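Per-entry structural report
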Amino acid sequence: MSSAPSVPYPPSVWEKIQACGRDVEAALGRSGLLLTMGGEPTFVPLQPAGAEWSTSALGPTKLGFARRLARQLVQDAFPGAAVLETSGKQYPGEPLPRWALLIQRRTDGTPLWRDITRLRADTAAGRHTTTDAARLVAALAARAGIASDRVLTAHESAKPDTVAGYVLPLDHDGTAWISDDWRPALPAAALRLLPGDSLLGWRLPLGELGEKNLRRALTAQVRDGTVTLFLPPLTTEAYLALLPLIERSLEALELRDVVLAGYPPPLDAQLSTVGLASDPGVIEVNLAPCATWADYHRQIAQLYAAAAKTGLSARKLQFNGRVTGTGGGAHLVFGGPLGVISPFFTQPSLLPSMIRYWQRHPALSYAFTGQYLGPSSQAPRVDESTFEALYELEIACAGAEQFGSAGNLAFFDLLFRDLLMDRSGNTHRAEISVDKLWNPSAGNGCLGLVELRAFETHPSAEALAVTALFVRAVLARLALAPCTAPFIRWGGELHDRFFLPTFVWSDLGEICDDLAAHGLAFDRAWLRPLWEWRFPELGVLTLPAAGARPAGKVMFRQALEAWPLLGEQSGAGGTSRRVDASADRLEVSVSDAALLEHGTLLVNGLPCAFQPTRDGAAAGGVRFRAFFLTPGLHPHVPVQAPLLLEWVDRTTGTVAAAARWHVWNPRGQPYAECPRDEAEAARRHAERWEPWPETVGHARTIPSLRFPPEGRHTLDLRRYPPSASQRET
């Protein structure tokens, strides 16, 4: 079963896309901007099961998948790389940090690790014993020129007679390896570990040591039958020297399937790192920074190929047949070769230009994002966060543009940090996140990076790469000519209009026209596969010519819907807030606006609101309650699915074509499991569109409705009681 679709671009088109990529790099060169890019695509198994692939960060199979993916990437794409397991994020309520795997390789091409099969690639129980751990530490001490009596035996406080592992105080003074004798400082000359389940290296009793004792140590233990070697915090030079010593020791002892864990070295240009992190429901991959789009595409293609071999995919198949991204996002990250020479500092107008341009073009917020969007999402727009955000951002952008260069980096960061955030004040949860720009109070806050978070994974590596090229082209255009146009106060029109795919597509066209005007020929058609996937077709009503009525089609597509945040709810773990995902939205469009002179669409007996598009068509939205959830908004509103869709001829007053759209199984039965593959998902999705000849020819009256200012484009069925419609006359 394949995890990735065929490439959506034929070779002739891909050549044009690559040529556009070269033009974008040339434009960046003309502006003098050094712009690196990276990203955070996420992956799940082909058939994800359990909480670890829906809501939980950790679980029984996730680490095994990550280890296999890391092994495959090293073998296929990064020969000479090593894999280090370390601590990742830790959020309130989590007793231990999540794990992260770092695939590290030297940028000068020198192998950091020669035989990746000596490192563990699964989580199966191993056959190593404590003796293997002791032999490995002794061999390492000998190769480092350290006396064997510096190795200590570690014991758990609850089991003082059992050997838990071995500890070797270790550091490098710039010329040679050094160690220390900890025994005189320890009670009874015995090393008792701090209580806990973490690796030995995290639980050393460093507080019992004297002021002059060395406080760095390498440890070895056997966990689940696998020797796990914990590396202390070292300089990059010492780290680069230690790994070959470890590998040669493993070779001499004929040991395989060990785990390297512990502290990574500081960020350094000598090491290129790809990270695999445990995140709720997914494995998140943090790409190594790329100097060009071509480098980014190469890395994405390598990653997708390795993921497919490992049984991972960048898509999920929903119960009802809809194909979506993983749910974990695919954020894009932009910066510079070094934090202090980030393009956002060397050209202070770039970030204000981005903020203005993104706000003026909602397609950048909605065309590539996931199902969970809007004010309560992980990536709210600046005008979805707080009421006063736009007003205050106008002042902040003007302030940033007064800088000739951003000399005071922390001051520059402060201009935006408290404005680019969600409604709760979380600076990470923002469409344009600057929490890694230059925040001295955060451990990784001074990287000169801006993260664009309203991006979802796509099943195709090429399609995801085209999205990244599109965004990079926009940044190149802004570097050449900063955007100084004012913010647009969209108000209710923001969601009413731009949650509909036709108007998103129109806005993408405006962006492509703007790029062309600045010498960057990006063909909007290259985005069509992403748009089609993001807004799948649901069905079509075909209208034959009849009398004065021309032939035409009424097309239905999935539209976007925000999930509002509800009030606090008390639970066993304290208070929490849920979202109401009970509403859904679809779009109806006509290929020729002239069709509306002869007919209109009734949905559950109520008329749609059509608005013209710039290409002579017309489109409108239908918003409705798809499910009943408790708690949720509007408990008085019943479920309004399936939708009865009827095209009414204005001349005869009768139904000319009809269908029903089901949000779930049309047979009214629960699905036993998710679709096994894309073919089964397509069958489930197709059967939800049900031709409905039962009402064709029936007479209808068209009720008169007054649409609110926030809903000129959308018929919101939740606003109207069933009595507002008149099904039969």
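Here, every reference points to the structure presented above.
In every chain, residue numbers begin from 1 and rise along the written sequence. Predicted model: local features are reported for residues with pLDDT of at least 70 only, side-chain atom pairs are reported and counted for 80 or more only, and whole-chain, interface and lining totals are derived from all residues. Excluding hydrogens and water, the side-chain values take into account all heavy atoms of the structure.

**Some words on the overall build of the protein chain**
Secondary structure elements are defined from DSSP: runs of H or I of at least 4 residues count as helices, runs of E of at least 2 residues count as strands, and each element is numbered from the N terminus. The secondary structure content of the protein chain amounts to 16 helices and 33 strands. The globule rule used here is 2.2 Å times the number of residues to the 0.38 power, and the radius of gyration it is set against is calculated over C-alpha atoms. For the protein chain, whose C-alpha radius of gyration is 29 Å, the value lies close to the compact-globule estimate of 27 Å for 729 residues. If you line up the protein chain on its principal axes, its C-alpha atoms span 100 × 60 × 50 Å. The classification of residues rests on relative accessible area computed with a 1.4 Å probe and restricted to protein chains. Under 20% of the type maximum is buried, over 50% is exposed, and intermediate values are partly exposed. By the burial criterion, 54% of the 729 residues in the protein chain qualify as buried. Throughout, a residue-residue contact means that at least one pair of heavy atoms, one from each residue, lies within 4.5 Å. Across the protein chain, the fraction of contacts at a sequence separation of at least 24, relative to all contacts at a separation of at least 6, is 72%. For the protein chain, the accessible area works out to roughly 30,100 Å², and carbon and sulfur atoms hold 53% of it. Placing the 70 positive and 75 negative side-chain charges of the protein chain at their respective mean positions leaves the two points 2 Å apart. In this description, accessible areas are obtained by the Shrake-Rupley approach with a 1.4 Å probe, and a residue is regarded as covered only by the protein chains that are shown. Only four residue types enter the charge count, namely Lys and Arg as positive and Asp and Glu as negative; His and the chain termini do not. One atom stands in for each charge, and that atom is NZ of Lys, CZ of Arg, CG of Asp or CD of Glu.

**With respect to the packing of aromatic side chains**
Here a pair means two rings of Phe, Tyr or Trp (six-membered ring of Trp) with centres within 6.5 Å. Their orientation is stacked below 30 degrees between planes, edge-to-face above 60, and tilted elsewhere. Tallied over the entire structure, the rule returns 23 aromatic pairs. An angle of 65° between the planes, with centres 6.1 Å apart, marks the rings of F368 and F470 as edge-to-face. Placement of F368 in the loop between α8 (363-366) and α9 (382-385) and of F470 in helix α12 (residues 461-480) is noted, with a sequence separation of 102 residues between them. Accessibility assignment for this pair places F368 and F470 in one class, buried. Over a ring means this: the NZ of a Lys or the CZ of an Arg is within 6 Å of the ring centre and within 35 degrees of the ring normal. The lysine or arginine in question, K62, covers the ring of W53, its NZ or CZ lying 5.0 Å from the ring centre. Above the face of the F65 ring, R68 is positioned so that its terminal group lies 4.7 Å from the ring centre.

**A look at unusual backbone geometry**
Omega for the peptide link from T630 to P631 comes to 0°, which places this bond in the cis form. Tracing the backbone through its elements, the reader meets P631 in the loop between β29 (618-625) and β30 (643-649). For the bond from A641 to P642, the omega torsion is 5°, close enough to zero to count as cis. Here P642 is to be found in the loop between β29 and β30. Non-glycine residue D257 carries a positive phi angle of around 60°. You can see D257 is positioned in the loop between α4 (236-253) and β12 (259-262).

**Here we look at the side chain of E561**
The residue E561 is located in the loop between β22 (552-558) and β23 (565-571) in this model. Owing to a relative accessible area of 4%, E561 belongs among the buried residues under this scheme. N or O atoms within 3.5 Å of each other form a polar contact, as long as, within protein, one can give a hydrogen and the other can take it, and as long as residues adjacent in sequence are counted only when both atoms are side-chain atoms. A distance of 3.0 Å separates the side chain of E561 from the side chain of R585, its partner in a polar contact. There is a polar contact of 2.9 Å between the side chain of E561 and the side chain of R623.

**Here we look at the sheet that holds strand β20 (residues 450-452)**
Judged by pairing direction, the sheet is antiparallel, and its four strands sit side by side in the order β1-β18-β20-β19 without closing on themselves. Strands at the two margins of the open sheet, each flanked by one partner only, are β1 (36-40) and β19 (432-433). Examined bridge by bridge, β19 and β20 share two bridges and lie antiparallel to one another. Pairing of S433 across the sheet is with E451, part of β20. The sheet contacts of α12 involve β1, β18 (331-335) and β20, and relative to β18 the element is tilted by about 35°. Should DSSP find at least two bridges between two strands, the strands are regarded as paired. Axis definition: a line fitted to C-alpha atoms, over the contacting stretch in the case of helices. Angles run 0 to 180 degrees between N-to-C directions.

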